[in-house]
Protein chains: 2
Amino acid sequence: MKAIIQRVTTASVSVGEVPISSIGRGLCVLLGISMEDTQKDVDYIVRKILNLRLFDDENGRAWSKSVMDREYEVLCVSQFTLQCILKCNKPDFHAAMPAELSQPFYNNILEHLRSTYKPEMIKDGQFGAYMQVHIQNDGPVTIELVSPSAPMDPKQLAKQEKQQQRKEKQRSKGPSESGRERAAPRPRAQDPNASSGADGDVSSERET
Amino acid sequence: MKAIIQRVTTASVSVGEVPISSIGRGLCVLLGISMEDTQKDVDYIVRKILNLRLFDDENGRAWSKSVMDREYEVLCVSQFTLQCILKCNKPDFHAAMPAELSQPFYNNILEHLRSTYKPEMIKDGQFGAYMQVHIQNDGPVTIELVSPSAPMDPKQLAKQEKQQQRKEKQRSKGPSESGRERAAPRPRAQDPNASSGADGDVSSERET
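- As recorded by an unreviewed UniProt entry, chain A carries the name D-aminoacyl-tRNA deacylase and is attributed to Oncorhynchus tshawytscha.
- You can read under Subcellular location (unreviewed entry) in the UniProt record for chain A the words "Cytoplasm".
- Per UniProt, the comment on chain A under Sequence similarities (unreviewed entry) is "Belongs to the DTD family."

Below is the structure:
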């Protein structure tokens, strides 16, 4: 899953001149669901949207507060074009999850956002409609998120493999070890943006 | 380099309530320049922005016309936050090109856009200023572009290596071959979005 997150002063959606929803300060999230996405990707994206520190604190210190910390709103809009593969200059969208599957999947993401934060703070568009999305990007501040199922870049992969090998070595030298640990599958590829990897994510959950 | 391209009905930039620039129909491009970017990345991004088929033709056929084909405008805004690495939930921007280097680099991109299209069709923001970027995303349609210097995903890399090996085999069987061809360095990693790779890009240039 890919998400383009824009920090906004205000954002709204209209369909054929009719206003559908609007938020004040907060985040406008454009969400591109791929064929390969699972609940794991939902968990990751929801956690990141709600906990990313994209706002100043009360003293103006940048990058210190999340949308939940500041009690700001989220406008989430489904955006299949983010799962685009370019064939020369023509976009191809076969990697995007088809609408009949992505609509319940997307509703599940909204539910998850609402239950983790507050239902009234999460707004959305009109799934599948031709919309005008009015975004007042504040800064501008724009972040791209890629969820764990997305393929990892080779540098990250090499780094992770080395770390894994180092761990294996240390384990084989160490005095005690459970067989289960050694047999544990290699973790799935992580978000290339999340340089701290899976451990970082766990610690970040503790913080919030 | 990363670019977030939003198809817009209208877009504008203001700094402290003062309007700086605005466009009607066209593309709003948020541009994140990395430490590793070179002229090759500029050439790629400029070509893609101007030639991507994100607009309908006169008969309403989707994904058939570029911003140049339709004679629409481009609003380009520098956006270092796209070169973000997440440390837990805190964004880190050390991968972004520092402002003293990225400002001339960014101006070069604008120049290149203007000379390839028409100078009056390319607008921009105010480099380094705290801006409000008003984006009326039409659709919405949002595309993420990553230029060739960005690391490639492992599947693409494996595929490209196999193709390379196949070519080498065919060459060694073939009746004639120049030494220069064999000694040619492996092409740089391509945009993971551009599945057609370098050849596709060349052909796409011919089309336009």
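From this point, the discussion proceeds with the structure in view.
1. Side note on the overall build of chain A
Now for step 1: Along the backbone of chain A there are five helices and eight strands.
Now for step 2: Walking chain A from its N terminus toward its C terminus, one meets helices and strands in the order β-β-β-α-β-β-β-α-β-β-α-α-α.
Now for step 3: Out of the 208 residues in chain A, the part that is buried amounts to 50%.
Now for step 4: Restricting the contact set of chain A to residue pairs at least 6 apart, pairs at least 24 apart contribute 71%.

2. A closer look at the packing of helix H1 (residues 39-51) of chain B against helix H2 (residues 99-116) of chain B
All names here are of chain B.
Now for step 1: Running from N to C, H1 and H2 cross one another at 45 degrees; their axes reach a closest spacing of 10 Å. The angle between the axes of H1 and H2 places the two elements in the oblique class. H1 and H2 meet at a crossing whose hand is right-handed. Side by side, H1 and H2 meet where Gln39, Val42, Asp43, Val46, Ile49 and Leu50 of the first sit next to Phe105, Asn108, Ile109, His112, Leu113 and Thr116 of the second.
Now for step 2: Counted by class, the contact of H1 with H2 contains seven nonpolar, four polar and one charged residues.

3. Details of the side chain of Asp37(B)
Residues and elements named next belong to chain B.
Now for step 1: Its place among the elements puts Asp37 in the loop between strand E3 (26-32) and H1.
Now for step 2: The exposure class of Asp37 is buried, given its relative accessible area of 6%.
Now for step 3: At a separation of 2.7 Å, a polar atom in the side chain of Asp37 contacts the main-chain amide nitrogen of Met1.
Now for step 4: Here Ser34 takes part through its backbone nitrogen, which lies 2.7 Å from a polar atom of the side chain of Asp37.

4. Describing the pairing of E3(B)
The side chains of a regular strand alternate, residue by residue, between the two faces of the sheet.
Residue and element names in this part refer to chain B.
Now for step 1: Of all seven residues that make up E3, seven are buried, and the element is covered over most of its length.
Now for step 2: With seven bridges connecting them, strand E1 (residues 2-15) and E3 associate as antiparallel partners. In the strand pairing of E3, Gln6 is matched with Cys28.
Now for step 3: In this structure, E3 lies alongside strand E4 (residues 73-78), joined through six bridges in parallel fashion.

5. A look at the environment of Val42(B)
All names here are of chain B.
Now for step 1: Relative to the helices and strands, Val42 resides in helix H1.
Now for step 2: Relative accessible area serves as the criterion here: at 0%, Val42 is assigned to the buried category.
Now for step 3: Distance from Val42 to Asn108, taken between C-alpha atoms, is 8.3 Å for residues 66 residues apart in sequence.
Now for step 4: Those residues in contact with Val42, other than ones at most four positions away along the chain, are Met1, Phe105, Asn108, Ile109 and His112.

6. Points about H2(B)
Residue and element names in this part refer to chain B.
Now for step 1: With 18 residues, H2 should reach 26 Å at 1.5 Å per residue; the first-to-last C-alpha distance of 25 Å fits that figure.
Now for step 2: Regarding H2, the residues found buried are Ser102, Phe105, Tyr106, Ile109, Leu110 and Leu113. Within H2, the buried residues cover an arc of 145 degrees as seen down the axis, which keeps them to one side. Seen from the open side of H2, the exposed residues pointing more than 90 degrees away from its buried face are Glu100, Glu111 and Ser115.

7. As for the pattern of salt bridges
Residue and element names in this part refer to chain A.
Now for step 1: Counted according to the given criterion, the structure contains 14 salt bridges over all chains.
Now for step 2: The residue Glu71 makes a salt bridge to Lys118 at a minimum N-O spacing of 3.2 Å. Taken together, the residues span a long stretch of sequence, with Glu71 in the loop between helix H1 (39-51) and strand E4 (73-78) and Lys118 in the loop between helix H2 (99-116) and strand E7 (122-124) at a distance of 47 residues.
Now for step 3: For Lys118, a relative accessible area of 31% gives the class partly exposed.
Now for step 4: Lys123 is the partner of Glu73 in a salt bridge, and the nearest nitrogen-oxygen pair spans 3.3 Å. In this pair, Glu73 is assigned in strand E4 and Lys123 in strand E7, connecting sequence segments 50 residues apart.
Now for step 5: Using a relative accessible area of 17% as the deciding quantity, one classes Glu73 as buried.

8. Here we look at the environment of Asp124(B)
Now for step 1: Looking at the secondary structure, you find Asp124(B) in strand E7 (residues 122-124).
Now for step 2: Spatially, the C-alpha atoms of Asp124(B) and Ser21(B) are 6.8 Å apart, while their sequence positions differ by 103 residues.

9. Some points on the pairing of E1(B)
Residues and elements named next belong to chain B.
Now for step 1: Burial analysis of E1 places 11 of its 14 residues in the buried class, which makes it a mostly covered element.
Now for step 2: As paired elements, E1 and strand E8 (residues 131-146) share 11 bridges and run antiparallel to each other. By the bridge assignment, Ala3 is partnered in E8 with Leu145.
Now for step 3: Taking the residues between adjacent antiparallel strands as the criterion, E1 and strand E2 (residues 18-23) are bridged by two residues, where Gly16 takes a positive phi near 55 degrees.

10. Quick notes on the state of the cysteines
Put plainly, a disulfide is one covalent bond tying together the sulfur atoms of two cysteines.
Residue and element names in this part refer to chain A.
Now for step 1: Scanning all chains against the criterion turns up zero disulfides over all chains.
Now for step 2: The structure places no disulfide on Cys76, whose sulfur is separated from the nearest cysteine sulfur, that of Cys28, by 8.4 Å.
Now for step 3: On the basis of relative accessibility, which here comes to 0%, the residue Cys76 falls in the buried class.

11. Some thoughts on unusual backbone geometry
Residue and element names in this part refer to chain A.
Now for step 1: In this structure, Pro140 follows Gly139 across a cis peptide bond, with omega equal to -5 degrees.
Now for step 2: Relative to the helices and strands, Pro140 is located in strand E8 (residues 131-146).
Now for step 3: With a phi close to 55 degrees, Trp63 is a non-glycine residue in the positive phi region.
Now for step 4: Its place among the elements puts Trp63 in the loop between H1 and E4.

Rules behind the numbers
Residues numbered from 1 in each chain as written. Chains lettered and ligands numbered in written order. Predicted model: local features only at pLDDT ≥ 70, side-chain atom pairs only at ≥ 80, totals over all residues. Heavy atoms only, no water. UniProt positions renumbered as here; feature names shortened; annotations may be inferred. Helix = DSSP H or I, 4+ residues; strand = E, 2+ residues; numbered from the N terminus. Buried < 20%, exposed > 50% of the residue type's maximum accessible area, 1.4 Å probe, protein only. Contact = heavy atoms within 4.5 Å. Axes fitted to C-alpha atoms, helices over the stretch in contact; angles between N-to-C directions. Parallel < 35°, antiparallel > 145°, perpendicular 65-115°, else oblique. Left-handed = near helix turned anticlockwise from the far one by under 90°. Nonpolar A, V, L, I, M, F, W, Y, C, P; charged D, E, K, R; others polar. Polar contact = N/O pair within 3.5 Å; in protein donor to acceptor, adjacent residues only side chain to side chain. Pairing = 2+ DSSP bridges. Expected span 1.5 Å × (residues − 1). Arc of directions from axis to C-beta. Salt bridge = Lys/Arg side-chain N within 4 Å of Asp/Glu carboxyl O. Disulfide = S-S within 2.5 Å.

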